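Chain by chain, the residues run as shown.
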Protein chains: 2
Amino acid sequence: MIDPTRHHTAPNNYTHQNAPTQFVEAAGIRFAYRRFGAGIDIPLLFFMHFTGTMDHWDPALTDGFAQDREVILFNNAGVSSSGGDVPASIEEMAQHAAAFIDALGVKKLDALGFSIGGLIAQQFTMDRPDLVRKLILVGTGPRSGQGMASLTPEAQNIFGAKYDPADELWLRVFFTPSERSQAAGRKYLERQRARKENRDPLPNEKVAPAQLAALQKWGAPVKDPYAYLKKITQPTLVVNGSNDVIVYTVNSFILEQNLPNAQLILYPDSNHGSQYQYPELFVEHVSQFLKG
Amino acid sequence: MIDPTRHHTAPNNYTHQNAPTQFVEAAGIRFAYRRFGAGIDIPLLFFMHFTGTMDHWDPALTDGFAQDREVILFNNAGVSSSGGDVPASIEEMAQHAAAFIDALGVKKLDALGFSIGGLIAQQFTMDRPDLVRKLILVGTGPRSGQGMASLTPEAQNIFGAKYDPADELWLRVFFTPSERSQAAGRKYLERQRARKENRDPLPNEKVAPAQLAALQKWGAPVKDPYAYLKKITQPTLVVNGSNDVIVYTVNSFILEQNLPNAQLILYPDSNHGSQYQYPELFVEHVSQFLKG
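In this text, all values refer to a predicted model and were calculated from it rather than measured experimentally.

Engineer: Give me the overall build of chain A: which residues, what numbers.
Structural biologist: Each helix and strand in chain A was counted, giving ten helices and eight strands. In terms of overall size, chain A behaves like a compact globule, its C-alpha atoms giving a radius of gyration of 17 Å where 292 residues would be expected to give roughly 19 Å. The dimensions of chain A, computed from C-alpha atoms along their principal axes, are 50 × 40 × 40 Å. Among the 292 residues that make up chain A, the fraction classed as buried is 60%. The contacts of chain A with a sequence gap of at least 6 include a subset with a gap of at least 24, amounting to 74%. For chain A, the exposed surface amounts to about 11,200 Å²; the carbon and sulfur share of it is 55%.

Engineer: How would you explain the nonpolar core if you had to name every residue and give the values?
Structural biologist: Membership of the largest hydrophobic core comes to 183 residues, with the highest contact counts inside it found for A:F65, A:F100, A:F124, B:F65, B:F100 and B:F124. In terms of residue count, helix α2 (residues 90-104) of chain B provides more of this core than any other element does, nine residues in total. Look past the residues within four positions of B:F100 in its chain and what remains in contact with it is B:V24, B:A26, B:F31, B:Y33, B:L45, B:I72 and B:F74.

Engineer: Tell me about the packing of aromatic side chains, and name the residues and values.
Structural biologist: Counting across every chain of the model gives 43 aromatic pairs over all chains. Taking 5.0 Å as the distance between ring centres and 20° as the angle between the ring planes, the aromatic pair formed by A:W170 and A:F174 counts as stacked. Residue A:W170 and its partner A:F174 are both found in helix α5 (residues 169-174); the two are separated by four residues, about one turn of the helix. In this structure, A:W170 and A:F174 share a single accessibility class: buried. Each ring, one from B:F174 and one from B:Y188, has its centre 5.9 Å from the other, and the planes form 75°; the classification is edge-to-face. Here B:Y188 lies in helix α6 (residues 179-193) and B:F174 lies in helix α5 (residues 169-174), a separation of 14 residues in the sequence. The exposure class of B:F174 is buried, given its relative accessible area of 1%. Chaining the aromatic ring pairs together yields one cluster made of A:F46, A:F50, A:W57, A:F65, A:F114, A:F159, A:W170, A:F174, A:F175, A:Y188, A:Y276 and A:F282. Taking the ring centre of A:W218 as reference, the NZ or CZ of A:R143 above it sits at 4.3 Å.

Engineer: How would you explain the packing of helix α1 (residues 59-66) of chain B against helix α10 (residues 279-291) of chain B if you had to name every residue and give the values?
Structural biologist: Residues and elements named next belong to chain B. It is at 9 Å that the axes of α1 and α10 come closest, and there the two elements cross at 35°. Crossing hand, α1 versus α10: right-handed. Contact residues: α1 offers A60, L61, G64 and F65, while α10 offers P279, F282, V283, V286 and S287.

Engineer: I'd like to hear about the environment of A:E168, residue by residue, with values.
Structural biologist: Residue and element names in this part refer to chain A. If you trace the backbone, E168 turns up in the loop between α4 (153-160) and α5. C-alpha separation for the pair E168 and G185, spaced 17 residues apart in sequence, amounts to 9.0 Å. In contact with E168, not counting residues within four places along its chain, are Y163, R186, L189 and R193.

Engineer: Break down the relation of the copies chain A and chain B for me, with residues and values.
Structural biologist: Here two copies of a chain appear, and what relates them is a rotation about an axis with a shift along it. Laying chain A over chain B is done by rotating through 180° and shifting 0.0 Å along the axis; what remains is an RMSD of 0.0 Å. In short, the pair behaves as if placed about a two-fold rotation axis. Considering only C-alpha atoms, the part of chain A nearest the rotation axis is A:I265, at 2.3 Å. Mapped onto chain B, 100% of the interface residues of chain A are again interface residues, and the two copies thus contact each other with one and the same surface.

Engineer: Describe the environment of A:A208, and please don't skip the residues or the numbers.
Structural biologist: In this structure, A:A208 sits in helix α7 (residues 207-219). Distance from A:A208 to A:A94, taken between C-alpha atoms, is 17 Å for residues 114 residues apart in sequence.

Engineer: Outline helix α3 (residues 116-127) of chain A, listing residues and values.
Structural biologist: Residues and elements named next belong to chain A. Its twelve residues give α3 an end-to-end C-alpha distance of 17 Å, which sits within 8% of 16 Å, the value for a rise of 1.5 Å per residue. By the criterion of burial, α3 is predominantly enclosed, with eleven of the twelve residues buried. Considered for burial, the residues of α3 that qualify are I116, G117, G118, L119, I120, A121, Q122, Q123, F124, T125 and M126. Looking at the buried positions of α3, the neighbouring elements they touch are β3 (40-47), α2 (90-104), β5 (109-114), β6 (132-138), α7 and α8 (250-258).

Engineer: Explain the interface of chain A and chain B to me, using residue names and the numbers behind them.
Structural biologist: Facing the 19 residues of chain A at the interface are 19 residues of chain B. Here chain A meets chain B over a buried area of about 1,700 Å², counting both sides, of which 49% is carbon and sulfur. Sorting the residues of chain A by area buried against chain B places A:F253, A:L266 and A:Q288 first, and these three jointly supply 29% of that buried surface. Along the contact surface separating chain A from chain B lie two salt bridges. A salt bridge links B:E284 to A:K291, with the nearest nitrogen and oxygen atoms 3.7 Å apart. Put simply, chain A and chain B have eight residue pairs in polar contact (both at pLDDT 80 or more) between them. Taken together, the elements giving at least two residues each to the side of chain A that touches chain B come down to α8, β8 (262-267) and α10 (279-291) of chain A.

Engineer: Please set out the side chain of A:T51 residue by residue, giving values where relevant.
Structural biologist: All names here are of chain A. Considering the arrangement of structural elements, one finds T51 in the loop between β3 and α1 (59-66). You can call T51 buried: its relative accessible area is 16%. When sequence neighbours within four positions are dropped, the list of residues in contact with T51 reads H56, W170, P203, V207, A208 and Q211.

Engineer: Break down the packing of α2(B) against helix α3 (residues 116-127) of chain B for me, citing the residues and quoting the values.
Structural biologist: Residues and elements named next belong to chain B. Remark: α2 packs on α3, axes separated minimally by 8 Å, with the N-to-C direction vectors making an angle of 65°. Considering their axes alone, α2 and α3 lie roughly perpendicular with respect to each other. The handedness of the crossing between α2 and α3 is right-handed. Note on element contacts: α3 touches α2 through I116, L119, I120, Q123, F124 and D127, opposite I90, E91, M93, A94, A97, A98 and I101.

Rules used in this analysis
Residues numbered from 1 in each chain as written. Chains lettered and ligands numbered in written order. Predicted model: local features only at pLDDT ≥ 70, side-chain atom pairs only at ≥ 80, totals over all residues. Heavy atoms only, no water. Helix = DSSP H or I, 4+ residues; strand = E, 2+ residues; numbered from the N terminus. Rg over C-alpha atoms; globule rule 2.2 N^0.38 Å. Buried < 20%, exposed > 50% of the residue type's maximum accessible area, 1.4 Å probe, protein only. Contact = heavy atoms within 4.5 Å. Areas by Shrake-Rupley, 256 points an atom, 1.4 Å probe, with all protein chains shown as cover. Core = buried A, V, L, I, M, F, W, Y, C linked by side-chain atoms within 4.5 Å. Phe/Tyr/Trp six-rings, centres within 6.5 Å; stacked < 30°, edge-to-face > 60°. Lys NZ or Arg CZ within 6 Å of the ring centre and 35° of its normal. Axes fitted to C-alpha atoms, helices over the stretch in contact; angles between N-to-C directions. Left-handed = near helix turned anticlockwise from the far one by under 90°. Least-squares fit on C-alpha atoms with pLDDT ≥ 70 in both. Expected span 1.5 Å × (residues − 1). Buried area = accessible area lost by both parts, 1.4 Å probe. Salt bridge = Lys/Arg side-chain N within 4 Å of Asp/Glu carboxyl O. Polar contact = N/O pair within 3.5 Å; in protein donor to acceptor, adjacent residues only side chain to side chain. Parallel < 35°, antiparallel > 145°, perpendicular 65-115°, else oblique.

Next up, the structure:
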């Protein structure tokens, strides 16, 4: 029997492939999560991308980090194995995440947010600076970022097409058309499919529209849109691909230029999922950043 | 007696502090250089910044890299202990560098260019793709880069002021006004002053105007200015500070976006000399890049 309130540094022998899905109740929502790895006394909390579940994380990353720290994956409200409904704002998503973390009893963490997860991680950090030691923002952008008021034309095209098998969608979302990037993409898909037992159910049909509405509110033009970034004083690592067509790469540059304490890394010949194209390098860079 | 034609992997016990200044004749010029370190079979060649000599390199970097590879420092034509005159174009500077390397008998190298040295390293790589395995461009920019048609207003102000001691100029050129950056700057100056014997003479009064003329030709507006970057197919690492006021940071982003195979790293709260502000992190990042 796993005790979800155990101290977060308690070692466990689980990996991405066999960590059980656990549940904790908070703010009236039953949150699904997985914890594995041990070592450094600060867990790494992952914020998932648009329509993703815990199974969409790359085990090369999660197990990579779990070598010397605990990682926590979760589905936010309304997504897959979690209860409740997806709210239509980033702010509410961040509140749900904070309720979940408080219910776990975690007092300090490092946060890694990818795409929409990076927006939530920014908001979460502003709401609860006490909780966040360091922040990693991958394939994401600022409020009113370039091309963020709606899906980009490229994203509309990519998300609007049919794929067989359906998860080959991610070859186009995360990787460039180059042979090398597509080959890396196929390896990512293999890794991501490797967990066979107790996979998360795919999100229901209400998830994408609600997340999209939240994305568009965040991306809508406002006056002095980047001023809020000055409030995020945690050391931050911003990472993206050189050619992100889902959240344009320039948004990562804008984040770095406006955050008070941010490092930027852009990888060559890569799209929205650069961290899955260069998983070893990414784990090395992030580990350096977290220990530095 | 040191044989300048020795195979470049021959180990030696010299460091930044005691490596003798050696000389080799090429293209009618007597080039001054220093070589130290050993290990990996490919030396790292350093291209120096505006008005700098071999002594302006940070031993935290050069000795850091010399742990597992040979490093080669040199003064280009007309600078300090080298003979000849500084030519008024980047193209001629690159030709001089190639003549020097050919005279050493080096057949393959990694190149690290800083500021004007980064321009020369780009040209050198285009001229002699056979010589260059990987390229590192630090605090530099593309042809016709933003603010590169002349010294930036900030650079004019910084280079136009008086300093006592004179080398405190570099506190303003390389570091931001923040307390943390200035403290790092003072440590850099201490490291840079630590070599006591056989220091390079300061460059004569013809160096700055000639280098400036070359910079301005490179920076002048031309049609489709970034197209040439497609010719540099070597894996390239572009590094800069978040707030470079000498060669604006955006130029590093432009380089990364237009080079076919480039990674970008920008460091927080840093100016033109970010690699001297974060020397250990920089050596780690570059070493990862060189081994990858």
